[in-house]
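Commentary on secondary and tertiary structure
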Amino acid sequence: MSVLRDDVLAWIRNCGEVISQNSSYLTELDAAIGDADHGANMERGFKAVVAKLPELGDKDIGTIFKTVGMTLLSTVGGAGGPLYATFFLQAGMKTTGKMELTLPDWAETLEASLNGVIMRGKAEPGDKTMVDALIPAVNSLKDSAAKNEPFHDALDHATEAAREGMLATIPWVARKGRASYLGERSAGHQDPGATSTYLLLKTAADTWKDA
């Protein structure tokens, strides 16, 4: 099984819907430990992304991801803009010229995105950021690829790993971003960045399960 260019476009389109549906939830999470704007920022960014999809129908996957990244960079405010832009720009560099992705391709792409986000945000595991959902997802995908698991099973396992990583942020004290200003008061709250990351990965699994 491979994910084709049109499947990637469908994922991005569905991400726009999922982020919009969860905008208030993400903002509610951010209100507890941040600036209460993560949901609104992400919704604005993905609306702009979805508006550009019609012009990307004949492009390669790398170009699609790069366009998503540049659009998010120019439309998403706060810390999330540069981080999610980096996520997709690194994915675009890894998939330049590709018209389909195998499981090893996707694992390598997501790992490149993770490394870019870590470099941009200087976050480490346990800092209570989007990295805490990404790392277990990437590790799960790499493990699935090594075992030659079916793509749809690998996506499900990675999604569950991201969910567990997201939930793990709840008791932690934030060490990065606006939430870190709260110190001990940041404990007991789920990180909004880890949550939006989980939502994007879950949307990929849901979209590509029949690819």
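Refer to the structure printed above.
These numbers come from a predicted model, not from an experiment. (Residues numbered from 1 in each chain as written. Predicted model: local features only at pLDDT ≥ 70, side-chain atom pairs only at ≥ 80, totals over all residues. Heavy atoms only, no water.)

1. Quick notes on the overall build of the protein chain
The test is simple: Numbering of helices and strands runs from the N terminus, with a helix taken as a DSSP run of H or I at least four residues long and a strand as a DSSP run of E at least two residues long. Computation of the radius of gyration draws on C-alpha atoms, with the globule rule given as 2.2 Å multiplied by the number of residues to the power 0.38. Each residue gets one of three labels from its accessible area relative to the maximum for its type: buried under 20%, exposed over 50%, partly exposed in between, using a 1.4 Å probe on protein chains only. Residues are treated as being in contact if the distance between any of their heavy atoms lies within 4.5 Å. Positive charge is attributed to Lys and Arg, negative charge to Asp and Glu, and no charge count is given to His or to the chain ends. A charged residue contributes its charge at one atom only: NZ of Lys, CZ of Arg, CG of Asp or CD of Glu.
Tallying secondary structure elements over the protein chain gives 9 helices and 2 strands in all. For the protein chain, the α and β elements follow one another from N to C terminus as β-α-α-α-α-α-β-α-α-α-α. The C-alpha atoms of the protein chain give a radius of gyration of 16 Å, which matches the 17 Å a tight globule of 211 residues would have. Dimensions of the protein chain along its principal axes, counting C-alpha atoms only, are 45 × 40 × 30 Å. Going through the 211 residues of the protein chain one by one, you find that 51% of them count as buried. Once local pairs closer than 6 in sequence are excluded, the contacts in the protein chain between residues at least 24 apart make up 72%. Across the protein chain, the 21 positively charged side chains and the 28 negatively charged ones have centroids separated by 6 Å.

2. Focus on unusual backbone geometry
The backbone phi angle of lysine 122 is positive, close to 55°, even though this residue is not glycine. Relative to the elements of secondary structure, lysine 122 occurs in the loop between α6 (103-121) and α7 (131-146). Of note, the phi angle at lysine 128 is positive, near 70°, even though the residue is not glycine. Among the structural elements, lysine 128 can be located in the loop between α6 and α7.

3. Quick word on helix α5 (residues 80-94)
Quick note on the threshold: Expected helix span is taken as 1.5 Å per residue step, with the number of steps being one fewer than the number of residues.
Given a rise of 1.5 Å per residue, 15 residues ought to cover 21 Å, and the 21 Å separating the end C-alpha atoms of α5 matches this to within 8%. Every buried residue of α5 is accounted for by Gly80, Gly81, Leu83, Tyr84, Ala85, Thr86, Phe87, Phe88, Ala91 and Gly92.

4. Details of the nonpolar core
Where we set the bar: Throughout this description, the term nonpolar core refers to a set of buried Ala, Val, Leu, Ile, Met, Phe, Trp, Tyr and Cys residues connected via side-chain atoms within 4.5 Å.
Counting residues in hydrophobic clusters, the biggest one holds 55 residues, and the most contacted among them are Trp11, Phe46, Phe65, Phe88 and Trp106. Contributing elements (two or more residues each) for this core: α1 (5-21), α3 (38-52), α4 (61-75), α5, α6, α7, α8 (151-168) and α9 (192-208). By residue number, the principal contributor to this core is α9, which donates 8 residues.

5. Brief notes about the side chain of threonine 71
Tracing the backbone shows threonine 71 in helix α4. Beyond its immediate stretch of four places on either side in the chain, threonine 71 contacts Gly45, Ala48, Val49 and Lys52.

6. Side note on the packing of α7 against α8
The condition that has to hold: Only the stretch in contact is used when fitting a helix axis, every axis being a line fitted to C-alpha atoms; angles between N-to-C directions are given from 0 to 180 degrees. By definition in this entry, angles of less than 35 degrees are roughly parallel, angles greater than 145 are roughly antiparallel, angles of 65 to 115 are roughly perpendicular, and the rest are oblique. Helix crossings get a hand from a simple test, with the near helix turned counterclockwise from the far one by less than a right angle marking a left-handed crossing and a clockwise turn marking a right-handed one. Residue type decides the class: Asp, Glu, Lys and Arg count as charged, Ala, Val, Leu, Ile, Met, Phe, Trp, Tyr, Cys and Pro as nonpolar, and the leftover types, Gly among them, as polar.
At a minimum axis distance of 7 Å, the contact between α7 and α8 shows a crossing angle of 155°. Taken as axis vectors, α7 and α8 run roughly antiparallel relative to one another. Judged by the twist between their axes, the crossing of α7 over α8 is right-handed. On α8, the residues touching Asp132, Ala133, Pro136, Ala137, Ser140, Leu141 and Ser144 of α7 are Ala154, His157, Ala158, Ala161, Ala162, Gly165 and Met166. Split into classes, the residues belonging to the contact of α7 with α8 amount to 9 nonpolar, 4 polar and 1 charged.

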